[in-house]
Structure formats: C-alpha cells, structure tokens
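Topology and contacts: notes
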Amino acid sequence: MSIVRDSFHSRIGFVLAAAGSAIGLGNIWGFPTQAANNGGGAFLFVYLIVTLLLALPALYAEVYIGNQAQKNPVSALGDACKDISENLGRKAGLIGLCGAIMMLSFYTIVAGWMLAHALAALASLLNANDIATWLSTSSTQRNLLFTPIFILLGAGIIHQGVNAGIEKWSARLMPLLLIMLIGLIIYILNQPGAEKGLEVYLVPDFSQVTDPKLIISAMGQAFFSLSIGVGGMMVYGSYMQKGKDIGKLVLSITALDTCIAFLAGLLIIPALFVAQTAGQDVFQGDKLIGEGQLIFNILPELFNSMGNIGLFVSCAFFSLLSIAALTSTISSTEVPVAYLMEDKGFARPKATWLVSAIVFCASMLLIAFFDQLFGIVIQALTTILQPLSCLFYFIVVGWMWNRGNKLRDKSLQVGRQWLAIWGNYIRFVCPILLSVVFVNVAILN
C-alpha cells in the first residue's frame, strides 16, 4: 500500500522550515566565536565569499536530490545511484541517517543547557536564587532533566506532521527568533564599549584575508552552519512539490541563514567588548578565553552586572538560543522518521516516538560518559561524516546520476545553458573545494 506523503503547502513555509534547520547554535554560538578569534571583519568577508562558492552548492545538491526523488534520503540516494549501484546510495543514506541520530544525541544536551540558562534568569527575577544557581551550574542531574524535555519538544512538533507541525511551528518560531535577535542587538549596541566591537566586526583588515588558517576556518564554518550532510535538507526538499525553482529556494535559505549568522555576530562580538569595558577578562592575547564556553561564562556575568534589566536580557538571549536549537533538531528528527514511515511502513506517531526513544538512549549514553564521548561524537560528525556525505552528494549529482538529472541530461538543458555551467561547477569545482576543507579541518588540524 502506497503512503500519501505530507508536504509543505507554501514556498515561504519551506524556506522558513529549511532556514530553521540551518539556523542553529552553529550560527548564533559558533559563528561569532569563530569571527572573534579570526580577525572579525576579515573573517566575515571571507565567510560570505566561501558561502557562495561552497556551502550554497552543497545545499543545492542535497535539496535537489530529495526534490527530484520525492522520497526520504535513503530511497532518494538509492534512486539517484541506480545506474551504478542502488545499494551504495542506500547505504550512504543510512550513514546520513545515523549522522542525524548522532547530531540529535549531543544537540539535545546542549539545547537543554540553553533552556536551563533561560529559566535560571527567570528564577533570579522571581528571587528563587537557589533554583537559579542550580539551573546555571553544569551537572549530570541538570542534563538528565533538560535533555528529555528538549527531545519531547521536538517530538511533539514532528508528531503533528509536515504541514501541521514542521511548517506551522517554523512559521511561528523563525519570526520570533528574528524579532528577539534584533531587539537584543539594539539593546547591546547602546551599552558602553559596543562601538569598539562594532568596528572590529564590520571593518575588515584586508591584510588578514589571505591567511590560510582564516580561510579554512571560514570555509568550515560556512559549510557546517547550513546543517548539510545528514539528510535533513534532502527530506525537506522531498516535501516540496517537484518542478519548483530549487535554485531560488536555496538562495533564499542561504540568504536567511547568512543574515542570522551576521546578526548573531552583531550581537555577541559587541557584547564581548561591553563585558570587557565593564572589567571582565574576555581575551587572552587575540583569542577568546574559554572559546566555545564564552556564552556560559562571559555573557551571564555581563547580564548579571546590569541588574534586573540584565536578567530580562539573559532570559531573552538564552530563549533565543533555545528556539534556534529547536528548529534545527526538528529537521534531523524528520530524517529517520521519514525513513521508518516510507520504507518500513510505520505510522508517523509510532515512528516519531521510536526515533525519540533512540535519541533519548543515545543522549543518556553521552551524559553517562560525558568526558569520554561528548567531544569525540561532535568531532566525528562535524569534521568527518558531514563533509564526506556532502562530497558524496556532489559526486552523485555530478557523476553518478544521469537519467532525469537536468544538470547532466543534455536533452533537459535545451535553451538553459546555465544548467550545464552550474552542473560542471558542482561536478568539478565543488569536490576539489570540499576536499581542501576536509583535509585541512579533519586531518591537518
């Protein structure tokens, strides 16, 4: 019995959902940290260039495969590789599915930290200081409470389906995220010291833009920030009506994702200099103290020094990060859910709760062996599995998939010469660029 596939009902719904998948902690947490450590404006300049050269084509390849197949990533890659080896394509899809589970296993833990810090600020406003201290202090008990809460939030949305769940909630959460982000930027830019941060961020030192380390960092960040390589964008592409202008949709997603990353830098880098002006140690030499932990160390101290208004700002900031994390976990959860529904015949509710149970077990394993496993899982996913998956997408679209592939089928390119040019760019240039990123990020670093 064939399953009637749910779908997005509007172009804007698809763009907001896909942008929500891309916009996560990598944008609002990772991008500003990389920018602050790699020359500010120079990093931003290079990031924008490599986003166009590499990240956008990778996103296009993933969405395009899903949209043409109108199937989950395992079946979509199997179809695309049918001329050479359907089994190879399906195995690659299953590896991506495992990558989605890996991403969810640590992402839900980190998302739980954001939610806990948002509630800590709220508890402080209510003078529940002991609760606020517990919520803002890292502990196994806190992880055991907040990780399942976040898994349930994502499952509740996925359970409702593509249109009633993913599309509807993305249309609510994404505008809220943007409004909160702009509001926080306006507040921070009016604080003493913000002007210095603004200058560092927006005025590039062009002598740094040829620094190989900066270029590699920007390429890696541009690639990873779009949440490519675990099948989430592919499954979203499959829920969009076939024949739509995928190029315009991908441009819209990339523009929105890049805009949010830019705005996050506009918030956090000036905030660091506000904290420095207030007497906090923020930089050691030209590097951030604590790097990835800066938002849990430096920014809460800054917010606390502002009195009650700072607690409101802190609650809004960590709520913003929680929303960004939630919109990203939705797409990763949909990857195995779609596979179980279409290939194994599961009903959506059963598939959703089974996947959530698997993610819960994986997250509990990471919490139990946090010091040993947490960093390894993140590194294995972001520096090995994701880039290799995207390299495979480029090879599939550029070399393995012939019939029905408008980027290679000459009969489909009549009157559209740009398709051949774009196809050759994905076929020849993108694998070389991505290989450079992979060798430098995964092997040489």
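Residues numbered from 1 in each chain as written. Predicted model: local features only at pLDDT ≥ 70, side-chain atom pairs only at ≥ 80, totals over all residues. Heavy atoms only, no water.

If you check an unreviewed UniProt entry, the protein appears there as Sodium-dependent transporter from Thalassotalea profundi. In the Subcellular location (unreviewed entry) part of its UniProt record, the protein is described as follows: "Membrane". (UniProt positions renumbered as here; feature names shortened; annotations may be inferred.)

1. Some remarks on the overall build of the protein
What the protein contains, in helices and strands, is 17 helices and two strands. Computed over C-alpha atoms, the radius of gyration of the protein comes to 22 Å, within 12% of the 22 Å expected from 2.2 N^0.38 for 445 residues, which places it in the range of a compact globule. With respect to the three principal axes, the spread of C-alpha positions in the protein is 65 × 55 × 40 Å. Counting only residues that meet the buried cut, the protein has 56% of its 445 residues in that class. Partitioning the contacts of the protein with sequence separation of at least 6, the portion at a separation of at least 24 is 81%. Carbon together with sulfur atoms contributes 65% to the accessible area of the protein, which is approximately 17900 Å² in total. For the protein, the distance from the average position of its 24 positive side-chain charges to the average position of its 22 negative side-chain charges is 14 Å. (Helix = DSSP H or I, 4+ residues; strand = E, 2+ residues; numbered from the N terminus. Rg over C-alpha atoms; globule rule 2.2 N^0.38 Å. Buried < 20%, exposed > 50% of the residue type's maximum accessible area, 1.4 Å probe, protein only. Contact = heavy atoms within 4.5 Å. Areas by Shrake-Rupley, 256 points an atom, 1.4 Å probe, with all protein chains shown as cover. Lys, Arg positive; Asp, Glu negative; His and termini not counted. Charge placed at Lys NZ, Arg CZ, Asp CG, Glu CD.)

2. Quick word on the environment of Thr258
Here Thr258 is to be found in helix 12 (residues 246-277). Given the relative accessible area of 13%, Thr258 is considered buried. As a C-alpha pair, Thr258 and Phe360 span 102 residues in sequence and 31 Å in three-dimensional space. Excluding anything up to four places from it in sequence, Thr258 contacts Tyr47, Leu48 and Thr51. Separated by 2.7 Å, the side chain of Thr258 and the backbone oxygen of Thr254 make a polar contact. (Polar contact = N/O pair within 3.5 Å; in protein donor to acceptor, adjacent residues only side chain to side chain.)

3. As for the packing of helix 1 (residues 11-22) against helix 8 (residues 162-189)
Taken N-terminus to C-terminus, the directions of helix 1 and helix 8 make an angle of 70°; their axes are 8 Å apart at the nearest point. In this view, helix 1 runs roughly perpendicular relative to helix 8, as classed from their interaxial angle. For the pair helix 1 and helix 8, contact is made by Gly13, Leu16, Ala17, Ala19 and Gly20 and by Ile166, Glu167, Ser170, Ala171 and Met174, respectively. When its residues are assigned to classes, the contact of helix 1 with helix 8 shows six nonpolar, three polar and one charged. (Axes fitted to C-alpha atoms, helices over the stretch in contact; angles between N-to-C directions. Parallel < 35°, antiparallel > 145°, perpendicular 65-115°, else oblique. Nonpolar A, V, L, I, M, F, W, Y, C, P; charged D, E, K, R; others polar.)

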